[in-house]
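Geometric and topological summary
The residues making up each chain are set out below.
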Amino acid sequence: MSKIIGKDLPNIPWQDKEAGYRMPIWRYKENPIIGRDAISRSNSVFNSAVVPFGDGFAGVFRCDSRSVSMDIFAGFSKDGIHWEINDEPISFEGDPEVTTREYRYDPRVCFIEDRYYITWCNGYHGPTIGIAYTFDFQKFYQIENAFLPYNRNGVLFPRKIGGRYMMLSRPSDTGHTPFGDIFCSQSPDLEFWGHHRHVMSTVKGDESAWQSTKIGPGPVPIETDEGWLLIYHGVITTCNGFVYRMGVALLDIDEPWKVLCRSKDYVMAPYEYYECVGDVPNVVFPCATLTDAATGRITIYYGCADTVTGMAFTTVDELLKYMKENPLTEQ
Ligand code: BMA
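Numbering of residues starts from 1 in every chain and runs along the sequence as written. Only residues with pLDDT of at least 70 get local features here, since the model is predicted, and only at 80 or more are side-chain atom pairs given and counted; chain-wide, interface and lining totals rely on the full set of residues. Processing note: side-chain calculations cover all non-hydrogen atoms of the structure and skip hydrogens and water entirely.

1. Topic: the overall build of the protein chain
Where we set the bar: In DSSP terms, a helix is any run of H or I states spanning at least four residues, a strand is any run of E spanning at least two, and both are numbered starting from the N terminus. In these tables, accessible area is a Shrake-Rupley quantity obtained with a 1.4 Å probe, and a residue counts as shielded only by the protein chains included in the view. Two residue types count as positive, namely Lys and Arg, and two as negative, namely Asp and Glu; His and chain ends fall outside the count. Working definition for charges: the position is that of NZ of Lys, CZ of Arg, CG of Asp or CD of Glu.
When helices and strands are tallied, the protein chain shows three helices and 22 strands. On the principal axes, the C-alpha backbone points of the protein chain span a range of 50 × 45 × 45 Å. Counting every atom, the protein chain has about 13,700 Å² of accessible surface; 51% of that belongs to carbon and sulfur. Here the protein chain contributes 31 positive and 43 negative side-chain charges, whose respective centroids are spaced 3 Å apart.

2. Some points on unusual backbone geometry
The omega angle of the peptide bond from Asn 31 to Pro 32 is -5°, so this bond is cis rather than trans. A cis amide bond, omega 10°, links Pro 149 with the succeeding residue Tyr 150. Note on placement: Tyr 150 falls in the loop between β10 (140-142) and β11 (151-156). Phi angles above zero are rare outside glycine, and Asp 106 is one such case at about 50°. The phi dihedral of Glu 113 is positive, around 60°, even though this residue is not glycine. Tracing the backbone shows Glu 113 in the loop between β7 (104-112) and β8 (115-123).

3. Some words on the site of the ligand
How we decide: Summary of the distance rule: residues count as near a molecule or strand when at least one heavy atom falls within 4 Å of that molecule or strand. Within 3.5 Å is the distance limit for a polar contact, defined as a pair of N or O atoms, with the added protein rule that one can donate a hydrogen and the other accept it, and that residues adjacent in sequence qualify only through two side-chain atoms. Any residue that is not Ala, Val, Leu, Ile, Met, Phe, Trp, Tyr, Cys, Pro, Asp, Glu, Lys or Arg is counted as polar, Gly included; the first ten are nonpolar and the last four charged.
For the ligand, the full set of nearby residues is Asn 47, Arg 62, Tyr 105, Asp 106, Tyr 244, Val 280, Val 283, Phe 285 and Asp 306. Separating an oxygen atom of the ligand from a side-chain N or O atom of Tyr 244 is a distance of 3.0 Å. Contact between the ligand and Asp 306: an oxygen atom at 2.6 Å from a side-chain N or O atom of the residue. In isolation the ligand offers 300 Å² of accessible surface; the protein chains occlude 86% of this area. In terms of residue class, the shell around the ligand is made up of five nonpolar, one polar and three charged.

4. Overview of the pairing of β11
The following threshold applies: In this scheme, a residue with accessible area under 20% of its type's maximum is buried, one over 50% is exposed, and one in between is partly exposed, where area comes from a 1.4 Å probe on protein chains only. Pairs of strands are assigned from DSSP output, requiring at least two bridges between the strands.
With six of its six residues buried, β11 lies for the most part within the structure. Examined bridge by bridge, β11 and strand β12 (residues 165-171) share four bridges and lie antiparallel to one another. Bridge pairing in β12 places Arg 152 opposite Arg 170.

5. Focus on the sheet that holds β10
Read from one edge of the open sheet, five strands run β6-β10-β9-β8-β7, paired in mixed fashion. The strands lining the two open edges of the sheet, one partner per strand, are β6 (92-93) and β7. Of the pairings in the sheet, the one linking strand β9 (residues 127-134) to β10 comprises two bridges and is antiparallel in character. Bridging across to β10, Tyr 133 finds its partner in Tyr 141.

6. Quick look at the confidence of the model for the protein chain
Just so we agree on the cut-off: Residue-level confidence of the predictor is what pLDDT reports, using numbers from 0 through 100.
In the predicted model, the protein chain carries a mean pLDDT of 98, and the fraction of residues at 70 or more is 100%. Model confidence for the protein chain, summarised as mean pLDDT per element, is weakest for helix α1 (residues 96-99) at 97 and strongest for strand β21 (residues 297-304) at 99.

7. Thoughts on the nonpolar core
For the record, the criterion: Here the nonpolar core consists of buried residues drawn from Ala, Val, Leu, Ile, Met, Phe, Trp, Tyr and Cys, with membership extended through side-chain atoms lying within 4.5 Å. Contact criterion: two residues are considered in contact whenever any of their non-hydrogen atoms come within 4.5 Å of each other.
Core analysis: the biggest nonpolar cluster contains 37 residues, and Ile 33, Phe 61, Trp 83, Ile 85, Val 109, Phe 137 and Tyr 301 have the highest contact counts within it. Here this core takes five residues from strand β3 (residues 56-65), the largest share from any one element. When sequence neighbours within four positions are dropped, the list of residues in contact with Phe 137 reads Val 51, Phe 53, Ala 58, Gly 59, Val 60, Ala 74, Phe 76, Val 109 and Tyr 116. In terms of nonpolar packing, the next biggest core, distinct from the first, is built from 31 residues, Ile 131, Ala 146, Cys 184 and Trp 210 among them.

And the structure:
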């Protein structure tokens, strides 16, 4: 039995796996949990992040409007399933040079020490990684962008490692990037980032074609007694465009740019109608998990076809066993 290192979460949303189901991740039966019209002007609500908060949950949600502009919104839930999302986007305090909005999307939320940090893809002369913090999901303070443009999928580790904050990211271009590997950067203060180390690349050969075009970190890595468990997205280019699936990797606990193991087979792919049909078909895009250290349960929140939000379940043992049974040999 592998162990999650972290807090217990007795009220984690959960459904048991059905007997005989083959995959290591199974979906919430009443998916999607958030529809495209969850707020008054939304075209779609997806690629969003949630955390335990008070005696319930809070989150930051990507809601694209019916003018198809991208912004992020705070939301709250008692059970992690039914969400009330604010109608107004988050307004950030900070230096106007940095807070001026071009666009904001694909948020992650990470509790470190005494506050919740939000990272997202922030338009600043091209996409880069915005960072802000909040104590209460009412007031948000934006700090400096982490990187030069162009970058997407900035994902913080939930504690300092070797005395430094660490962030995974995926350097990119201005468009629908046809490449992309995962890197790890370090910072003493969450403002100045350096020591950029390569973590892992796309798979070039035929061994694992679902992750051959680009890969990007998904939810905040989960600390386990075997290393950091990373759920990530992997993309292949097909004759109908990109297809987004999910994979898992295990990263060294002290030097998380070192990959200990990585799945050859995807752990989840667009199978269901709401994942295959929508504004961007064939996308499952994970941005958050809730975890319960007592049981090893992991609840995943993911965007479905860039249109609605879904929830799915797994355990630390399911993911590690599946990955170790069929590991990628090319690194
Ligand atoms: C990526 C991001 C994600 C999106 C995905 C599929 O480049 O824009 O927000 O889910 O493409 O369209």
